[in-house]
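Notes for the structure review
Single-letter residue listing:
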Amino acid sequence: MHNTLTRVQNVFGFFTSVAFAVAAGIAMSVLLSPQAPSASLELKNVQVVKGRPHYYSTKREEYAHVKFDLDADLTSLFNWNTKQLYLSITASYPSSDPSTIPPSEAVIWDAIIPSDYAPLHPNTYIHPASKAKKSAKPKKKESGKPYPAGGSPGIVRLENQKPKYQITDVSGKIAKRGNATLSLHWNVQPWVGALVWTNKNSIGRWQGLQGGEAKFDFPPLKGTEVKKDDLKTETGGERNRGSPA
Amino acid sequence: MFGSLAALQPRQLAAQILNFALVLSTAFMLWKGLSVFTNSSSPIVVVLSGSMEPAFQRGDLLFLWNRGIETQVGEVVVYNVRGKDIPIVHRVIRRFGGGSAPLSLLTKGDNNAADDTELYAHDQSYLDRSKDVVGSVVGFVPFVGYVTILLSEYPWLKTAMLIFMAASVVLQRE
(Lines give C-alpha, C1' and ligand atoms only; values in the text may rest on other atoms or scores of the structure.)
Protein backbone atom coordinates (compact mmCIF):
# COMPACT_ATOMS: atom_id res chain seq x y z
CA MET A 1 0.00 0.00 0.00
CA HIS A 2 2.68 2.50 0.98
CA ASN A 3 5.61 1.32 -1.08
CA THR A 4 7.69 3.65 -3.23
CA LEU A 5 5.94 2.75 -6.47
CA THR A 6 2.46 3.72 -5.27
CA ARG A 7 3.82 6.96 -3.79
CA VAL A 8 5.43 7.88 -7.11
CA GLN A 9 2.22 6.98 -8.93
CA ASN A 10 0.12 9.10 -6.58
CA VAL A 11 2.41 12.13 -6.87
CA PHE A 12 2.45 11.87 -10.67
CA GLY A 13 -1.32 11.43 -10.81
CA PHE A 14 -1.88 14.46 -8.60
CA PHE A 15 0.57 16.51 -10.67
CA THR A 16 -1.22 15.70 -13.93
CA SER A 17 -4.67 16.48 -12.54
CA VAL A 18 -3.51 19.83 -11.14
CA ALA A 19 -1.72 20.68 -14.41
CA PHE A 20 -4.84 19.78 -16.37
CA ALA A 21 -7.09 21.91 -14.14
CA VAL A 22 -4.76 24.93 -14.36
CA ALA A 23 -4.50 24.59 -18.15
CA ALA A 24 -8.28 24.35 -18.50
CA GLY A 25 -8.72 27.42 -16.29
CA ILE A 26 -6.25 29.42 -18.37
CA ALA A 27 -7.90 28.30 -21.61
CA MET A 28 -11.36 29.37 -20.39
CA SER A 29 -10.18 32.67 -18.86
CA VAL A 30 -9.63 34.28 -22.27
CA LEU A 31 -13.41 34.63 -22.59
CA LEU A 32 -13.26 37.21 -19.79
CA SER A 33 -10.73 39.42 -21.52
CA PRO A 34 -12.55 42.05 -23.61
CA GLN A 35 -11.77 42.39 -27.31
CA ALA A 36 -12.50 45.30 -29.64
CA PRO A 37 -10.46 44.89 -32.81
CA SER A 38 -10.75 47.46 -35.57
CA ALA A 39 -9.09 47.89 -38.92
CA SER A 40 -9.23 49.93 -42.06
CA LEU A 41 -8.13 48.22 -45.24
CA GLU A 42 -7.85 49.81 -48.66
CA LEU A 43 -6.84 48.55 -52.02
CA LYS A 44 -3.92 50.50 -53.43
CA ASN A 45 -3.31 48.87 -56.78
CA VAL A 46 -4.09 45.61 -58.58
CA GLN A 47 -2.49 44.32 -61.76
CA VAL A 48 -2.95 41.07 -63.64
CA VAL A 49 -0.08 39.63 -65.68
CA LYS A 50 0.89 36.31 -67.25
CA GLY A 51 3.26 34.10 -65.29
CA ARG A 52 4.34 30.57 -64.50
CA PRO A 53 3.57 28.64 -61.32
CA HIS A 54 7.28 27.88 -60.86
CA TYR A 55 10.50 28.30 -62.80
CA TYR A 56 10.48 24.95 -64.63
CA SER A 57 6.81 25.00 -65.56
CA THR A 58 5.65 25.52 -69.11
CA LYS A 59 2.13 26.41 -67.96
CA ARG A 60 1.17 30.08 -68.44
CA GLU A 61 -1.35 31.40 -65.94
CA GLU A 62 -2.75 34.78 -65.02
CA TYR A 63 -1.46 36.19 -61.76
CA ALA A 64 -2.89 39.09 -59.78
CA HIS A 65 -0.56 41.38 -57.86
CA VAL A 66 -2.42 43.33 -55.18
CA LYS A 67 -1.04 46.24 -53.17
CA PHE A 68 -2.91 47.54 -50.14
CA ASP A 69 -2.96 49.98 -47.21
CA LEU A 70 -3.73 48.63 -43.76
CA ASP A 71 -4.28 50.45 -40.49
CA ALA A 72 -5.26 47.98 -37.80
CA ASP A 73 -5.54 48.06 -34.04
CA LEU A 74 -5.62 44.49 -32.81
CA THR A 75 -3.96 45.07 -29.44
CA SER A 76 -6.99 43.74 -27.58
CA LEU A 77 -6.45 40.31 -29.17
CA PHE A 78 -3.28 39.99 -27.09
CA ASN A 79 -4.34 38.72 -23.69
CA TRP A 80 -2.33 36.70 -21.22
CA ASN A 81 -2.97 33.45 -23.05
CA THR A 82 -1.98 34.73 -26.52
CA LYS A 83 1.22 33.28 -27.91
CA GLN A 84 1.00 34.81 -31.36
CA LEU A 85 -1.34 36.29 -33.93
CA TYR A 86 -1.40 35.04 -37.52
CA LEU A 87 -2.60 37.97 -39.57
CA SER A 88 -3.57 37.63 -43.22
CA ILE A 89 -5.04 39.70 -46.00
CA THR A 90 -7.13 37.62 -48.39
CA ALA A 91 -8.78 38.30 -51.70
CA SER A 92 -12.07 36.54 -52.35
CA TYR A 93 -14.01 36.54 -55.59
CA PRO A 94 -17.18 34.83 -56.84
CA SER A 95 -16.85 31.29 -58.16
CA SER A 96 -17.92 30.14 -61.62
CA ASP A 97 -21.38 29.30 -60.27
CA PRO A 98 -22.09 31.71 -57.39
CA SER A 99 -25.51 30.22 -56.56
CA THR A 100 -24.18 26.82 -55.50
CA ILE A 101 -20.42 27.26 -55.03
CA PRO A 102 -19.06 29.65 -52.36
CA PRO A 103 -16.51 32.31 -53.35
CA SER A 104 -12.89 31.36 -53.92
CA GLU A 105 -10.36 32.81 -51.53
CA ALA A 106 -6.58 33.30 -51.56
CA VAL A 107 -4.10 34.82 -49.12
CA ILE A 108 -2.07 37.68 -50.61
CA TRP A 109 -0.12 38.69 -47.50
CA ASP A 110 0.39 37.24 -44.03
CA ALA A 111 2.43 37.90 -40.92
CA ILE A 112 3.14 36.24 -37.60
CA ILE A 113 3.00 38.74 -34.77
CA PRO A 114 4.34 37.31 -31.49
CA SER A 115 3.17 38.46 -28.09
CA ASP A 116 5.54 40.30 -25.78
CA TYR A 117 6.24 37.11 -23.85
CA ALA A 118 6.88 34.79 -26.80
CA PRO A 119 10.49 33.67 -27.19
CA LEU A 120 12.28 35.21 -30.17
CA HIS A 121 11.93 33.24 -33.37
CA PRO A 122 13.39 34.09 -36.80
CA ASN A 123 10.00 33.60 -38.41
CA THR A 124 8.20 36.55 -36.86
CA TYR A 125 7.03 39.67 -38.58
CA ILE A 126 9.12 42.80 -38.14
CA HIS A 127 6.95 45.82 -38.57
CA PRO A 128 8.60 48.46 -40.77
CA ALA A 129 9.44 51.63 -38.88
CA SER A 130 7.35 54.62 -39.94
CA LYS A 131 9.07 57.08 -42.24
CA ALA A 132 8.58 60.06 -39.95
CA LYS A 133 10.26 58.32 -37.08
CA LYS A 134 13.15 57.17 -39.22
CA SER A 135 14.07 60.68 -40.27
CA ALA A 136 13.65 62.05 -36.76
CA LYS A 137 16.43 60.04 -35.19
CA PRO A 138 18.77 57.35 -36.38
CA LYS A 139 17.57 54.16 -34.74
CA LYS A 140 19.44 52.95 -31.69
CA LYS A 141 20.04 49.31 -31.04
CA GLU A 142 16.82 47.37 -31.47
CA SER A 143 15.31 46.12 -28.25
CA GLY A 144 14.86 42.66 -29.72
CA LYS A 145 11.18 43.38 -30.22
CA PRO A 146 9.66 42.66 -33.62
CA TYR A 147 8.00 46.07 -33.82
CA PRO A 148 9.39 49.61 -33.72
CA ALA A 149 10.16 51.32 -30.44
CA GLY A 150 7.05 52.69 -28.79
CA GLY A 151 4.80 50.31 -30.74
CA SER A 152 2.98 47.35 -29.32
CA PRO A 153 2.00 44.04 -30.89
CA GLY A 154 -1.28 44.36 -32.74
CA ILE A 155 -0.79 47.86 -34.13
CA VAL A 156 -0.16 47.43 -37.85
CA ARG A 157 0.21 50.43 -40.16
CA LEU A 158 1.23 49.61 -43.70
CA GLU A 159 1.24 51.88 -46.70
CA ASN A 160 1.36 50.66 -50.27
CA GLN A 161 2.29 47.22 -48.97
CA LYS A 162 3.58 44.71 -51.53
CA PRO A 163 1.92 41.28 -51.43
CA LYS A 164 3.73 38.14 -50.29
CA TYR A 165 1.89 35.92 -52.74
CA GLN A 166 0.76 36.55 -56.31
CA ILE A 167 -2.53 34.76 -56.67
CA THR A 168 -4.24 32.84 -59.44
CA ASP A 169 -7.45 30.88 -59.82
CA VAL A 170 -7.63 27.09 -60.13
CA SER A 171 -8.60 27.67 -63.77
CA GLY A 172 -5.53 29.85 -64.35
CA LYS A 173 -7.72 32.83 -65.30
CA ILE A 174 -8.24 35.72 -62.88
CA ALA A 175 -8.43 38.86 -65.08
CA LYS A 176 -11.66 40.87 -65.30
CA ARG A 177 -13.39 39.12 -62.41
CA GLY A 178 -15.73 41.53 -60.72
CA ASN A 179 -17.17 41.82 -57.23
CA ALA A 180 -14.01 40.83 -55.39
CA THR A 181 -13.32 41.60 -51.73
CA LEU A 182 -10.09 42.23 -49.88
CA SER A 183 -10.41 41.36 -46.21
CA LEU A 184 -8.44 41.05 -43.01
CA HIS A 185 -8.32 37.72 -41.17
CA TRP A 186 -6.56 36.51 -38.07
CA ASN A 187 -5.88 33.40 -36.06
CA VAL A 188 -5.06 33.79 -32.39
CA GLN A 189 -2.71 31.05 -31.23
CA PRO A 190 -2.93 30.49 -27.46
CA TRP A 191 -0.31 29.16 -25.07
CA VAL A 192 -2.82 26.45 -24.25
CA GLY A 193 -6.45 26.03 -25.33
CA ALA A 194 -8.60 26.71 -28.34
CA LEU A 195 -7.50 28.50 -31.50
CA VAL A 196 -9.65 31.52 -32.38
CA TRP A 197 -10.33 32.96 -35.84
CA THR A 198 -11.73 36.27 -37.07
CA ASN A 199 -15.16 37.03 -35.67
CA LYS A 200 -17.43 39.62 -37.22
CA ASN A 201 -20.17 39.31 -34.60
CA SER A 202 -20.00 40.22 -30.95
CA ILE A 203 -20.05 37.31 -28.51
CA GLY A 204 -20.10 38.19 -24.80
CA ARG A 205 -17.15 40.45 -24.08
CA TRP A 206 -15.69 39.92 -27.52
CA GLN A 207 -16.71 42.54 -30.03
CA GLY A 208 -16.59 41.70 -33.71
CA LEU A 209 -14.09 43.19 -36.11
CA GLN A 210 -14.96 46.73 -37.24
CA GLY A 211 -14.00 47.42 -40.85
CA GLY A 212 -11.20 45.52 -42.52
CA GLU A 213 -12.85 45.05 -45.91
CA ALA A 214 -12.49 46.64 -49.33
CA LYS A 215 -14.35 45.92 -52.57
CA PHE A 216 -12.55 45.83 -55.90
CA ASP A 217 -12.54 44.30 -59.38
CA PHE A 218 -9.71 42.46 -61.06
CA PRO A 219 -8.56 44.51 -64.09
CA PRO A 220 -7.97 43.14 -67.60
CA LEU A 221 -4.70 41.39 -68.38
CA LYS A 222 -1.72 43.68 -68.89
CA GLY A 223 1.01 43.01 -71.39
CA THR A 224 4.65 43.92 -71.37
CA GLU A 225 4.05 47.53 -70.35
CA VAL A 226 4.14 46.51 -66.66
CA LYS A 227 7.57 47.06 -65.14
CA LYS A 228 9.12 44.16 -63.27
CA ASP A 229 9.72 46.42 -60.28
CA ASP A 230 5.98 46.89 -59.86
CA LEU A 231 5.45 43.16 -59.48
CA LYS A 232 7.92 42.50 -56.69
CA THR A 233 6.69 40.55 -53.70
CA GLU A 234 7.77 40.71 -50.12
CA THR A 235 9.49 37.78 -48.43
CA GLY A 236 8.50 36.94 -44.89
CA GLY A 237 10.55 35.72 -41.94
CA GLU A 238 10.22 32.13 -43.19
CA ARG A 239 12.93 32.82 -45.79
CA ASN A 240 15.35 31.38 -43.22
CA ARG A 241 14.30 27.90 -44.34
CA GLY A 242 14.51 26.24 -47.72
CA SER A 243 11.87 24.31 -49.63
CA PRO A 244 9.09 22.45 -47.82
CA ALA A 245 10.34 20.38 -44.96
CA MET B 1 9.02 -10.76 -9.62
CA PHE B 2 7.95 -14.22 -10.74
CA GLY B 3 8.03 -15.34 -7.11
CA SER B 4 5.28 -12.90 -6.27
CA LEU B 5 3.36 -13.92 -9.40
CA ALA B 6 3.47 -17.55 -8.29
CA ALA B 7 2.27 -16.54 -4.83
CA LEU B 8 -1.00 -15.27 -6.26
CA GLN B 9 -4.04 -17.49 -6.22
CA PRO B 10 -5.13 -18.51 -9.75
CA ARG B 11 -8.43 -16.67 -9.30
CA GLN B 12 -6.61 -13.53 -8.14
CA LEU B 13 -4.18 -13.76 -11.07
CA ALA B 14 -7.05 -14.03 -13.55
CA ALA B 15 -8.73 -11.00 -11.97
CA GLN B 16 -5.56 -8.95 -12.30
CA ILE B 17 -5.13 -9.92 -15.95
CA LEU B 18 -8.76 -9.02 -16.63
CA ASN B 19 -8.16 -5.71 -14.88
CA PHE B 20 -5.23 -5.00 -17.21
CA ALA B 21 -7.34 -5.91 -20.24
CA LEU B 22 -10.05 -3.54 -18.99
CA VAL B 23 -7.57 -0.65 -18.74
CA LEU B 24 -6.36 -1.29 -22.30
CA SER B 25 -9.83 -1.61 -23.80
CA THR B 26 -11.06 1.53 -21.98
CA ALA B 27 -8.22 3.54 -23.49
CA PHE B 28 -8.91 2.08 -26.91
CA MET B 29 -12.64 2.78 -26.72
CA LEU B 30 -12.05 6.37 -25.51
CA TRP B 31 -9.83 6.95 -28.55
CA LYS B 32 -12.36 5.40 -30.94
CA GLY B 33 -15.23 7.29 -29.31
CA LEU B 34 -13.37 10.55 -29.78
CA SER B 35 -12.80 9.51 -33.37
CA VAL B 36 -16.54 9.11 -33.95
CA PHE B 37 -17.33 12.36 -32.09
CA THR B 38 -14.90 14.44 -34.16
CA ASN B 39 -15.43 12.44 -37.37
CA SER B 40 -11.68 12.20 -37.77
CA SER B 41 -9.60 9.04 -38.12
CA SER B 42 -6.99 10.55 -35.85
CA PRO B 43 -8.54 13.20 -33.57
CA ILE B 44 -5.36 13.98 -31.61
CA VAL B 45 -2.01 14.39 -33.38
CA VAL B 46 1.49 15.24 -32.30
CA VAL B 47 3.49 17.80 -34.30
CA LEU B 48 6.52 16.07 -35.80
CA SER B 49 8.32 18.88 -37.65
CA GLY B 50 9.16 22.54 -37.22
CA SER B 51 7.43 23.67 -40.41
CA MET B 52 4.70 25.53 -38.50
CA GLU B 53 7.00 27.32 -36.06
CA PRO B 54 6.56 29.43 -34.04
CA ALA B 55 2.88 28.40 -33.83
CA PHE B 56 3.54 24.69 -33.26
CA GLN B 57 6.77 23.12 -32.08
CA ARG B 58 7.81 19.48 -32.22
CA GLY B 59 5.93 17.55 -29.57
CA ASP B 60 2.93 19.85 -29.27
CA LEU B 61 -0.45 18.13 -29.05
CA LEU B 62 -3.21 19.21 -31.46
CA PHE B 63 -6.93 18.45 -31.25
CA LEU B 64 -8.71 18.07 -34.58
CA TRP B 65 -12.29 18.57 -35.66
CA ASN B 66 -13.65 17.25 -38.94
CA ARG B 67 -17.38 18.05 -38.96
CA GLY B 68 -18.74 20.82 -41.14
CA ILE B 69 -15.98 20.66 -43.71
CA GLU B 70 -16.28 24.21 -45.10
CA THR B 71 -12.61 24.83 -44.33
CA GLN B 72 -11.69 28.50 -44.57
CA VAL B 73 -8.45 30.19 -45.53
CA GLY B 74 -6.21 30.65 -42.47
CA GLU B 75 -7.30 27.40 -40.82
CA VAL B 76 -4.66 24.84 -39.98
CA VAL B 77 -5.39 21.39 -41.41
CA VAL B 78 -3.77 18.00 -41.02
CA TYR B 79 -3.50 16.05 -44.26
CA ASN B 80 -1.94 12.89 -45.62
CA VAL B 81 -0.15 13.03 -48.95
CA ARG B 82 -1.56 10.44 -51.36
CA GLY B 83 0.50 7.26 -51.25
CA LYS B 84 2.38 8.31 -48.11
CA ASP B 85 1.11 7.87 -44.60
CA ILE B 86 2.74 10.86 -42.90
CA PRO B 87 0.35 13.40 -41.41
CA ILE B 88 1.36 16.98 -42.20
CA VAL B 89 0.10 20.02 -40.25
CA HIS B 90 -0.03 23.14 -42.45
CA ARG B 91 -2.09 26.27 -42.98
CA VAL B 92 -4.62 26.76 -45.80
CA ILE B 93 -3.69 29.71 -48.04
CA ARG B 94 -6.09 29.18 -50.97
CA ARG B 95 -9.46 27.54 -51.39
CA PHE B 96 -11.55 26.91 -54.50
CA GLY B 97 -14.91 25.22 -54.85
CA GLY B 98 -16.99 23.89 -51.98
CA GLY B 99 -20.76 23.72 -51.92
CA SER B 100 -21.80 21.55 -54.84
CA ALA B 101 -18.24 21.28 -56.18
CA PRO B 102 -15.37 19.46 -54.44
CA LEU B 103 -13.38 21.78 -52.19
CA SER B 104 -9.74 22.22 -53.24
CA LEU B 105 -7.15 23.61 -50.83
CA LEU B 106 -3.60 24.86 -51.14
CA THR B 107 -1.54 24.71 -47.95
CA LYS B 108 1.74 26.17 -46.74
CA GLY B 109 3.77 25.75 -43.57
CA ASP B 110 4.15 29.03 -41.69
CA ASN B 111 7.88 28.43 -41.47
CA ASN B 112 8.35 27.22 -45.07
CA ALA B 113 9.39 29.65 -47.77
CA ALA B 114 7.27 27.99 -50.47
CA ASP B 115 3.78 26.51 -50.56
CA ASP B 116 3.20 22.76 -50.48
CA THR B 117 2.81 22.04 -54.21
CA GLU B 118 6.17 20.25 -54.08
CA LEU B 119 5.03 18.05 -51.18
CA TYR B 120 1.84 16.84 -52.85
CA ALA B 121 1.61 13.75 -55.05
CA HIS B 122 3.18 14.04 -58.48
CA ASP B 123 0.08 14.97 -60.49
CA GLN B 124 -1.59 16.90 -57.68
CA SER B 125 -1.54 20.67 -57.27
CA TYR B 126 -4.34 21.03 -54.70
CA LEU B 127 -5.62 18.96 -51.78
CA ASP B 128 -9.10 17.47 -51.96
CA ARG B 129 -10.80 18.41 -48.67
CA SER B 130 -12.92 15.29 -48.39
CA LYS B 131 -10.21 12.78 -49.36
CA ASP B 132 -6.85 14.08 -48.19
CA VAL B 133 -7.61 16.07 -45.04
CA VAL B 134 -7.83 14.34 -41.65
CA GLY B 135 -9.16 17.35 -39.75
CA SER B 136 -8.80 20.99 -38.84
CA VAL B 137 -6.90 22.08 -35.72
CA VAL B 138 -9.13 23.53 -32.99
CA GLY B 139 -7.17 23.03 -29.77
CA PHE B 140 -3.58 23.15 -28.66
CA VAL B 141 -1.58 21.81 -25.70
CA PRO B 142 2.16 22.46 -25.74
CA PHE B 143 4.87 19.81 -25.39
CA VAL B 144 2.75 17.00 -23.90
CA GLY B 145 3.10 14.85 -27.02
CA TYR B 146 6.88 14.77 -26.81
CA VAL B 147 6.59 11.38 -25.08
CA THR B 148 5.36 9.80 -28.31
CA ILE B 149 8.27 11.29 -30.27
CA LEU B 150 10.66 9.77 -27.71
CA LEU B 151 8.83 6.44 -27.95
CA SER B 152 9.10 6.32 -31.74
CA GLU B 153 12.73 7.44 -31.76
CA TYR B 154 13.84 4.97 -29.09
CA PRO B 155 11.82 1.77 -29.67
CA TRP B 156 13.23 0.04 -26.57
CA LEU B 157 11.40 2.65 -24.46
CA LYS B 158 8.11 1.32 -25.84
CA THR B 159 8.90 -2.23 -24.77
CA ALA B 160 10.13 -1.07 -21.39
CA MET B 161 6.99 0.95 -20.80
CA LEU B 162 4.66 -1.90 -21.79
CA ILE B 163 6.46 -4.32 -19.48
CA PHE B 164 6.38 -1.82 -16.62
CA MET B 165 2.66 -1.15 -17.11
CA ALA B 166 1.75 -4.81 -17.30
CA ALA B 167 3.88 -5.64 -14.27
CA SER B 168 2.48 -2.81 -12.14
CA VAL B 169 -1.12 -3.73 -12.94
CA VAL B 170 -0.66 -7.45 -12.39
CA LEU B 171 1.47 -7.16 -9.27
CA GLN B 172 -0.54 -4.45 -7.57
CA ARG B 173 -2.62 -5.87 -4.77
CA GLU B 174 -5.65 -4.24 -3.29
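For clarity, every value in this text was computed on a predicted model and none was experimentally measured. (Residues numbered from 1 in each chain as written. Chains lettered and ligands numbered in written order. Predicted model: local features only at pLDDT ≥ 70, side-chain atom pairs only at ≥ 80, totals over all residues.)

Right, let's talk about the overall build of chain B for a bit. From N to C terminus, chain B includes 5 helices and 7 strands. Along chain B, from the amino end to the carboxyl end, the secondary structure elements read α-α-β-β-β-β-β-β-α-β-α-α. Here chain B has a C-alpha radius of gyration of 21 Å; the compact-globule value for 174 residues is 16 Å, and the former is much larger. Expressed along its principal axes, the backbone C-alpha trace of chain B runs to roughly 65 × 35 × 30 Å. In chain B, which comprises 174 residues, the proportion classed as buried is 32%. Intrachain contacts of chain B at a sequence separation of at least 6 include 59% that bridge at least 24 residues. (Helix = DSSP H or I, 4+ residues; strand = E, 2+ residues; numbered from the N terminus. Rg over C-alpha atoms; globule rule 2.2 N^0.38 Å. Buried ≥ 20, exposed ≤ 12 C-beta atoms within 10 Å, placed from the backbone. Contact = placed C-beta atoms within 7 Å.)

Attention shifts here to the environment of A:Arg205. All names here are of chain A. Within the secondary structure layout, Arg205 lies in the loop between strand S8 (196-197) and strand S9 (210-211). Accessibility expressed as a C-beta count within 10 Å gives 13 for Arg205, which makes it partly exposed. Residues Arg205 and Val49 lie 156 residues apart in sequence; the distance between their C-alpha atoms is 45 Å. Not counting residues within four places of it along the chain, the set of residues in contact with Arg205 comprises Leu31, Leu32, Pro34 and Gln35.

What follows concerns the UniProt feature "transmembrane region" (unreviewed entry) in chain B. Residues and elements named next belong to chain B. Under the UniProt annotation, "transmembrane region" (unreviewed entry) lies at residues 12-31 and 133-149. Segment residues 12-31 splits into 100% helix and 0% strand. End C-alpha atoms: 29 Å apart. Here residues 133-149 runs as 24% helix and 53% strand, with 22 Å between its end C-alpha atoms. (UniProt positions renumbered as here; feature names shortened; annotations may be inferred.)

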